[in-house]
Amino acid sequence: MSTDFERSDRTVFDLTGKVVVVVGGGQMPGPKIGNGRATAIVAARHGAEVVVVDRNLAAAQETVDMITAEKGNAYAVQADVADKDDCQRIFDTAMQNSGRVDGMVYSVAINPPFDRVNNSMSADDFNHGINVNMLGCYYCNLFAAQCMEKNEGGSTGSIINISSIASIKNEVGLNIGIMPYALGKCGLNYITELTAAQFAAAGIRANTLMLGPIDSTLGNTDSQSLFGFEPDEVDEAYAEVVKLKMGRASAWETGYAALYLLADESRFMTGQQIRLDGGATLVR
Ligand SMILES: NC(=O)c1ccc[n+]([C@@H]2O[C@H](COP(=O)([O-])OP(=O)(O)OC[C@H]3O[C@@H](n4cnc5c(N)ncnc54)[C@H](O)[C@@H]3O)[C@@H](O)[C@H]2O)c1
């Protein structure tokens, strides 16, 4: 945790001494690594103590085991971000166990079940989607920032909200299936800006990391339920439907973009929407 940027022997992107909470740091069961898990591992490899939070405790513990197997430092916290008290408990636990919070990555999202043929979704499922994708993000931003305000020195806090290009580019159209996700991400983009504006004076930063299609297990599963793509046709179909220019990235690339935002090297960057999308949202 040093800001001696002028030193020629500086270790860049060093998160030593920082406590980073990764919400959604487990991953849905499957072969492809998720964005939260990859970010947690990259942060630990760069010296952070990582608090791995997930509704699925086994998935969070699996991430912790991967980190500790590399001699990194992490522990798991089970929490459901649809529940405000659970959101508060995440940060109470981090403060109790680690004494501070320097980074928070919100990497949770769901696509609630819906009837694709009849274009219908229950109100409960819709509301649950908004609670997970947006309201949980609001509470985690607020509670994380309240912890970060207690940090002293030149290195205070960095919040990263993981968004999606579905919030600005949506080929599915007025389809109820995508709504809790797309609208939730629109809200998340805005929450980032409000957090950044409100807490800038305390040196706390908030940025949106907006992802294009990532080759995670969830990315493949959701493209099946939303678009009806078969797993072996996802790349080709995405290239056609989403007009991808560079195909899909792995979640490791998300982890490295997040690393920059977590590190002190980015301490003048706040309130931004950084698109990691291989040019998918370029209009030309
Ligand atoms: N994969 C993509 O193509 C893609 C594209 C754009 C954005 N994203 C974003 O990346 C983030 C992570 O997605 P991923 O594809 O890496 O999948 P993932 O399965 O690795 O991550 C989602 C995690 O959230 C957890 N989770 C779900 N509901 C929860 C709840 N109520 N409380 C706590 N945890 C909960 C899941 O258990 C899972 O571990 C999401 O915000 C998603 O919108 C992904």
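To start, this report covers the structure provided alongside it. Note that the structure is a prediction, hence the values are computed from the model and not measured.

Some details on the overall build of the protein chain
Part 1 of the argument: Scanning the protein chain from terminus to terminus reveals 8 helices and 7 strands.
Part 2 of the argument: The C-alpha atoms of the protein chain give 18 Å as radius of gyration, which agrees with the globular expectation for 284 residues (19 Å, within 12%).
Part 3 of the argument: Sequence separation of 24 or more characterises 74% of the internal contacts of the protein chain that already satisfy a separation of 6 or more.

Here's the deal with the nonpolar core
Part 1 of the argument: If you look at the biggest cluster of nonpolar residues, it comprises 78 residues, and the most contacted ones within it are V21, V23, V50 and A144.
Part 2 of the argument: For this core, the leading source of residues is helix α4 (residues 123-148), giving 11 residues.
Part 3 of the argument: Sequence-distant contacts of A144, defined by excluding residues within four places in its chain, comprise V21, F91, V101, M104 and I159.

What about unusual backbone geometry?
Part 1 of the argument: If you check the backbone angles, F13 has positive phi at about 55° while not being a glycine.
Part 2 of the argument: One can find F13 in the segment before β1 (19-23).
Part 3 of the argument: Notably, N119 is not glycine yet its phi reads approximately 50°, a positive angle.
Part 4 of the argument: With respect to the helices and strands, N119 occurs in the loop between β4 (103-106) and α4.
Part 5 of the argument: Since 11 C-beta atoms lie within 10 Å of it, N119 is described here as exposed.

Things to note about the site of the ligand
Part 1 of the argument: If you check the shell around the ligand, you find 30 residues, and the closest are Q27, G34, A109, L218 and G219.
Part 2 of the argument: The leading source of residues in the shell around the ligand is helix α1 (residues 35-45), at 3 residues.
Part 3 of the argument: Split into classes, the residues belonging to the shell around the ligand amount to 15 nonpolar, 11 polar and 4 charged.

Details of the pairing of β4
Part 1 of the argument: Side chains of β4 alternate between two faces, with G103 and V105 and M104 and Y106 buried alike.
Part 2 of the argument: Where β1 meets β4, 4 bridges bridge the pair, whose relative direction is parallel. The partner of V21 across the bridge, within β4, is M104.
Part 3 of the argument: Here β4 pairs with strand β5 (residues 157-164) via 4 bridges, running parallel. Residue pairing across strands places M104 opposite I159, the latter belonging to β5.

Concerning the sheet that holds β4
Part 1 of the argument: Spatial strand order, β3-β2-β1-β4-β5-β6-β7: 7 strands in an open sheet with parallel pairing. The sheet is open, and its two borders are formed by β3 (73-78) and β7 (273-276), each paired with just one other strand. Taking each pair of neighbouring strands and ignoring which way they run, the sheet shows an average axis angle of 20°.
Part 2 of the argument: Here β5 runs beside strand β6 (residues 204-211); their pairing, made up of 8 bridges, is parallel. Each bridged residue has a counterpart across the sheet, and for N161 the counterpart in β6 is T208.
Part 3 of the argument: Its contacts with the sheet put helix α2 (residues 57-69) on β2 (49-54) and β3, and the angle it makes with β3 is roughly 180°.

Examining the environment of L262
Part 1 of the argument: One can find L262 in helix α8 (residues 251-262).
Part 2 of the argument: The exposure class assigned to L262 is buried, which follows from the 29 C-beta atoms found within 10 Å.
Part 3 of the argument: For the pair formed by L262 and F13, sequence separation is 249 residues and the distance between their alpha carbons is 8.1 Å.
Part 4 of the argument: Setting aside anything within four residues of it in sequence, one finds L262 in contact with L15, V20, A43, G103, S158 and I160.

Thoughts on helix α6 (residues 217-227)
Part 1 of the argument: Three or more residues of α6 are buried, namely L218, G219, N220, D222 and S223.
Part 2 of the argument: Within two residues after α6, G228 carries a phi angle of roughly 80°, on the positive side.

What counts, and at which threshold
- Residues numbered from 1 in each chain as written.
- Predicted model: local features only at pLDDT ≥ 70, side-chain atom pairs only at ≥ 80, totals over all residues.
- Helix = DSSP H or I, 4+ residues; strand = E, 2+ residues; numbered from the N terminus.
- Rg over C-alpha atoms; globule rule 2.2 N^0.38 Å.
- Contact = placed C-beta atoms within 7 Å.
- Core = buried A, V, L, I, M, F, W, Y, C linked by C-beta atoms within 7 Å.
- Buried ≥ 20, exposed ≤ 12 C-beta atoms within 10 Å, placed from the backbone.
- Near = placed C-beta within 6 Å.
- Nonpolar A, V, L, I, M, F, W, Y, C, P; charged D, E, K, R; others polar.
- Pairing = 2+ DSSP bridges.
- Axes fitted to C-alpha atoms, helices over the stretch in contact; angles between N-to-C directions.

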